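What follows is each chain in one-letter form.
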Amino acid sequence: MADVVIELKGLTKIYGTQPAVDHLDLEIKRGEVFGLLGPNGAGKTTTILMILGLVEPTEGEVKVLGINSTREPLKVKKWVGYLPEDVGFYEDMTGLENLKLTAALNGMEEKEAVKAAEELLEKVGLGEAKDKKVGAYSRGMRQRLGLADALIKKPQIVILDEPTLGLDPEGMKEFLELIKNLSREGGMTVLLSSHHLHQVQEICDRVGIFVKGKLIAKGTVSELAKELFSTELYTFEVAVNPMEDDLISKLMSVEGVKKVEKEEKAFIVHAEKDVSAEVAKTVVKEGYNLVRLMPKSYGLDDIYHRYFEGVQ
Amino acid sequence: MRHSLRVLIKKEIADHIHSWRFNILLALIFLTALASIYTAGMAIRDAVSKADTPLGDLYLFLKVFTVSDGRLPSFITFVGFLAPLLGIGMAFDAINGEINRRTLVRLIAQPIYRDDVILSKWIAALLVITVFFLALGFFVMGLAILFFGIPPTFEEVMRIIVFLLATALYVGVWLSLGILFSIYFRQPATSLLASIAVWLFFALFYDMIVNILVPIDTEGPAQIVFRQMQIHQYLLRISPTTLYQEVVTTLLSPNVRSLGPLTVAQVVGAIPTPLSFDQSLLLIWPQIAGLVALSVFLFAISFTLFMRQDIRH
Ligand SMILES: Nc1ncnc2c1ncn2[C@@H]1O[C@H](COP(=O)(O)OP(=O)(O)O)[C@@H](O)[C@H]1O
Ligand SMILES: [Mg+2]
């Protein structure tokens, strides 16, 4: 059964007069990986802190596993692992000691804590470094220790705030892979926030696009693409030689073509139906060389930009 | 005690014991204390060999803490001066340090009460300080036994223990102040400076200011002088430093019979004997209560600020 583990209803946080989060409604189901995407200052961190009961909402309600986070934060924090944005550790303690402290605060016995901590450190690839002081850890190692720290309480839900920030592309890929595997193996629900689209789109079951405190779209990546670009289902990239503006009016006269845009290396043709054959014919007939003609597919990046255009 | 509070206290104690800062402060106090004890011991031995009073009446062991040979300040002067520094040094970055190192948010994302975080800082520091002062006091007593060749009386031991506990309490006031500033100020450097400013104010300037505000006109009629002296003293007693000094004087100098001005009527007929331990305790009770109240008051403000503070900055 796909039961809801995080439920936000009309969630609002106002700082001064400025809403950081504005009447947010969202449901996250058990076992899914949900990506909260949005630019800096969109209100992602504020939303996460309200889910954890660390910031009080101005209005609205947060329920995690059916428990109200604002009223009973302790119960919620028992089941939710959290990797904060820009995580910090006690630098003169080892990685293992830091994890043991978190485990102890979650009421784990010493023996159990050591066992769990060592297993997790192995899993995130810090088995070798577990007895090194965190002061000597690299950024990537800290981030992996942070993930282990979020997981040591054996949570049902993990919340990762900008988990890929500051990692190099290779490290980022590895880290996301790690998250994906952990969610698959443990059946954990994952909520992650990011302003990087490319990387997270691969591991998210669903994403929500968050701009200026408002969730302006949510769904799977392909659902979002369909919803957003349904009016212009057929789009082609046409590269010709030479790239001359004269061709635009010629292409516009092809039946079914709605709009032609000129980009640096190609024309973008928006159409109501499949016009590839006619477009090719027109290009050749007008005496241009056809370098490339291909249908364009939409990724998260396009979606994201499209939404930004709409908002700004 | 709550499990999480115990865990945090343990962590804080380990932090202090392993920190350079704490060990340097301890070494500073230990060495100055030792130097003053040594000179005091020498001075006392000289004095005793010339006197003919029975040793027991002299409160030899108390004198070790209070006597100065004129070259080096006494133990209580040193400790009275450095104790606030110890309290401030242990607490000035208690909370802002954790915020800046980004460990606070990770801490309170665990299923613990927020108050446990500051409570553990206060309790742990006070525990460490109490143990340190008791150890220092007993060490000094041990040295004195070797030096004089006689054991302290039971009363002396009790007076010294209460003195040491009162010193820890006095440090506790400054701890509370340090914690409060560590919450109020974002930068540890700012909270350190602010704490030191308050310390210097009470240590150096407060008496002066009171003297200027309420000058005592010694030429005037007795009643007015008496009244002035009383106001003077009330004002001085706002300062934790005054309260602590009064406690120390009463405990370690049993011959001091009163902490306030006395009228002639009160003095006439009084027999100049030392106060008993019970009487001394009775006399310092309000001062102790004052110090406790001050710590609790400062802590309560910290508490309110901390509970309302946004965890992100
Ligand atoms: N403590 C605070 N006081 C005032 N404004 C804040 C505070 N915290 C966050 N904000 C504002 O709320 C908005 C959302 O911030 P945040 O949730 O951190 O965004 P994100 O995590 O998406 O980058 C920002 O405009 C930020 O300036
Ligand atoms: Mg953020």
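Everything that follows concerns the structure shown earlier in this document.
Notes on the structure follow. Computed from a predicted structure; not experimentally measured. Counting restarts for each chain, with residues numbered from 1 along the sequence as it is written. Think of it this way: whatever chain is written first is A, whatever ligand is written first is 1, and the rest follow in order. Only residues with pLDDT of 70 or above have their local features reported here, since the model is predicted, and side-chain atom pairs are shown and tallied only from 80 upward, although totals for entire chains, interfaces and linings are computed over all residues. To obtain the side-chain values, all non-hydrogen atoms of the structure were used and water was disregarded.

### A closer look at the pairing of strand β12 (residues 257-262) of chain A
Residue and element names in this part refer to chain A.
Here's step 1: With 5 bridges connecting them, β12 and strand β13 (residues 267-271) associate as antiparallel partners. Looking across to β13, one finds that Val257 is bridged to Ala271.
Here's step 2: Pairing between strands is defined by DSSP: at least two bridges between the two strands are required. Here a strand is any run of E in DSSP of at least two residues, a helix any run of H or I of at least four, and the numbering for each starts at the N terminus. Linkage of β12 to β13, two consecutive antiparallel strands, is achieved through a turn of 4 residues.

### Side note on the coordination of the magnesium ion (ligand 2)
All names here are of chain A.
Here's step 1: Metal donors: N, O and S atoms at distances within 2.8 Å, or within 3.2 Å for Na, K and Ca, with water omitted from the atom set so that some sites may seem incomplete. Bound to the magnesium ion (ligand 2) on the protein side are Thr45 (OG1) and Glu85 (OE), at distances that span 2.0 to 2.7 Å. In this pair, Thr45 sits in helix α1 (residues 44-51) while Glu85 sits in the loop between β6 (80-83) and α3 (95-105), placing the two residues 40 residues apart along the sequence.
Here's step 2: On the basis of relative accessible area, Thr45 is assigned to the buried category, the value being 13%. Only protein chains enter the accessibility calculation, which uses a 1.4 Å probe. A residue is then buried if its area is under 20% of the maximum for its type, exposed if over 50%, and partly exposed in between.

### Some remarks on the layout of surface pockets
Here's step 1: Here a cavity means grid points, on a 1 Å grid over the protein atoms only, where a 1.4 Å probe fits yet cannot get out; a pocket means an open set of points with protein on both sides within 12 Å along at least five of seven lines; lining residues are those with an atom within 4 Å of a point. Grid points are joined across faces, edges and corners, and a volume is the space filled by probe spheres set on the points. Put simply, the largest pocket is a space of about 660 Å³.
Here's step 2: The wall of the largest pocket is formed by 20 residues, among which Glu97(A), Lys100(A), Leu101(A), Lys10(B) and Lys11(B) lie closest to the centre.
Here's step 3: Put simply, the parts of the chain that give the lining of the largest pocket at least two residues each are α3 and α4 (110-123) of chain A together with α1 (3-18) of chain B.
Here's step 4: It is α1(B) that provides the largest number of residues to the lining of the largest pocket, a total of 8 residues.

### Remarks on the environment of Thr249(B)
All names here are of chain B.
Here's step 1: Checked against the element boundaries, Thr249 lands in helix α11 (residues 240-252).
Here's step 2: Judged by its relative accessible area of 30%, Thr249 falls in the partly exposed class.
Here's step 3: It is 8.8 Å that separates the C-alpha atoms of Thr249 and Leu259, two residues lying 10 residues apart in sequence.

### Brief notes about the site of ligand 1
Here's step 1: Summary of the distance rule: residues count as near a molecule or strand when at least one heavy atom falls within 4 Å of that molecule or strand. Taken together, Tyr15(A), Ala20(A), Pro39(A), Asn40(A), Gly41(A), Ala42(A), Gly43(A), Lys44(A), Thr45(A), Thr46(A), Asp310(B) and Arg312(B) form the complete shell of residues around ligand 1.
Here's step 2: The environment of ligand 1 is shared, with nearby residues belonging to chains A and B.
Here's step 3: By the criterion applied in these results, polar contacts are pairs of N or O atoms within 3.5 Å in which, for protein atoms, one can donate a hydrogen and the other can accept it, and in which residues neighboring in sequence qualify only through two side-chain atoms. Between ligand 1 and Ala42(A), the relevant distance is 3.2 Å, taken from an oxygen atom to a main-chain nitrogen or oxygen of the residue.
Here's step 4: Thr46(A) is positioned with one of its side-chain polar atoms (N or O) 2.5 Å from an oxygen atom of ligand 1.
Here's step 5: Per-residue and other accessible areas were derived by the Shrake-Rupley procedure at a 1.4 Å probe size, with only the shown protein chains allowed to occlude residues. Compared with its free state, where it exposes 570 Å², ligand 1 has 65% of that area covered by protein.
Here's step 6: Considering every element that reaches the shell around ligand 1, the biggest residue donor is α1(A), with 3 residues.
Here's step 7: A breakdown of the residues in the shell around ligand 1 according to their chemical character gives 4 nonpolar, 5 polar and 3 charged. In this classification, the charged set is Asp, Glu, Lys and Arg, the nonpolar set is Ala, Val, Leu, Ile, Met, Phe, Trp, Tyr, Cys and Pro, and all remaining amino acids, among them Gly, are polar.

### A look at the interface of chain B and chain A
Here's step 1: The criterion used for residue contact is that any of the two residues' heavy atoms lie within 4.5 Å. Residue-level contacts link 22 residues of chain B with 25 residues of chain A.
Here's step 2: Buried area adds together the accessible area that both of two parts lose upon being put together, with accessible area traced by a 1.4 Å probe. For the chain B and chain A pair, buried surface summed over both sides reaches about 2300 Å², with 61% attributable to carbon and sulfur atoms.
Here's step 3: On the chain B side of the interface with chain A, the three residues burying the most area are Arg106(B), Pro111(B) and Arg312(B), jointly 30% of the side's total.
Here's step 4: Whenever Lys or Arg places a side-chain nitrogen within 4 Å of a carboxyl oxygen from Asp or Glu, that contact is recorded as a salt bridge. Taken together, the connections running from chain B to chain A amount to 2 salt bridges.
Here's step 5: A salt bridge links Asp149(A) to Arg106(B), with the nearest nitrogen and oxygen atoms 3.0 Å apart.
Here's step 6: If you list the elements that add at least two residues to the side of chain B that touches chain A, you get α1 and α6 (104-108) of chain B.
Here's step 7: The leading source of residues in the side of chain B that touches chain A is α1(B), at 5 residues.
Here's step 8: Looking at side-chain class alone, the side of chain B that touches chain A contains 10 nonpolar, 4 polar and 8 charged residues.

### Regarding the sheet that holds strand β4 (residues 59-64) of chain A
Residues and elements named next belong to chain A.
Here's step 1: Reading across the sheet, the 4 strands line up as β2-β1-β4-β5 and stay open at both edges, with antiparallel pairing between neighbours. The open sheet has two free edges, formed respectively by β2 (18-29) and β5 (67-68), since each of these has just one partner strand.
Here's step 2: Relative to β5, β4 runs antiparallel, the two sharing 2 bridges. Counted as the bridge partner of Val64 is Ile67 from β5.

### Notes on the pattern of salt bridges
Opposite charge on two side chains permits pairing when their charged atoms draw close.
Residue and element names in this part refer to chain B.
Here's step 1: Per the stated rule, a full pass over the model turns up 26 salt bridges over all chains.
Here's step 2: Put simply, Lys11 and Glu12 hold a salt bridge, and the shortest N to O gap is 2.9 Å.
Here's step 3: The class for Lys11 is buried, based on a relative accessible area of 7%.
Here's step 4: Judged by relative accessible area, Glu12 falls into the buried class, the value being 6%.
Here's step 5: In the salt-bridge network here, residues are joined through shared partners; they are Lys11, Glu12, Glu98 and Lys121.

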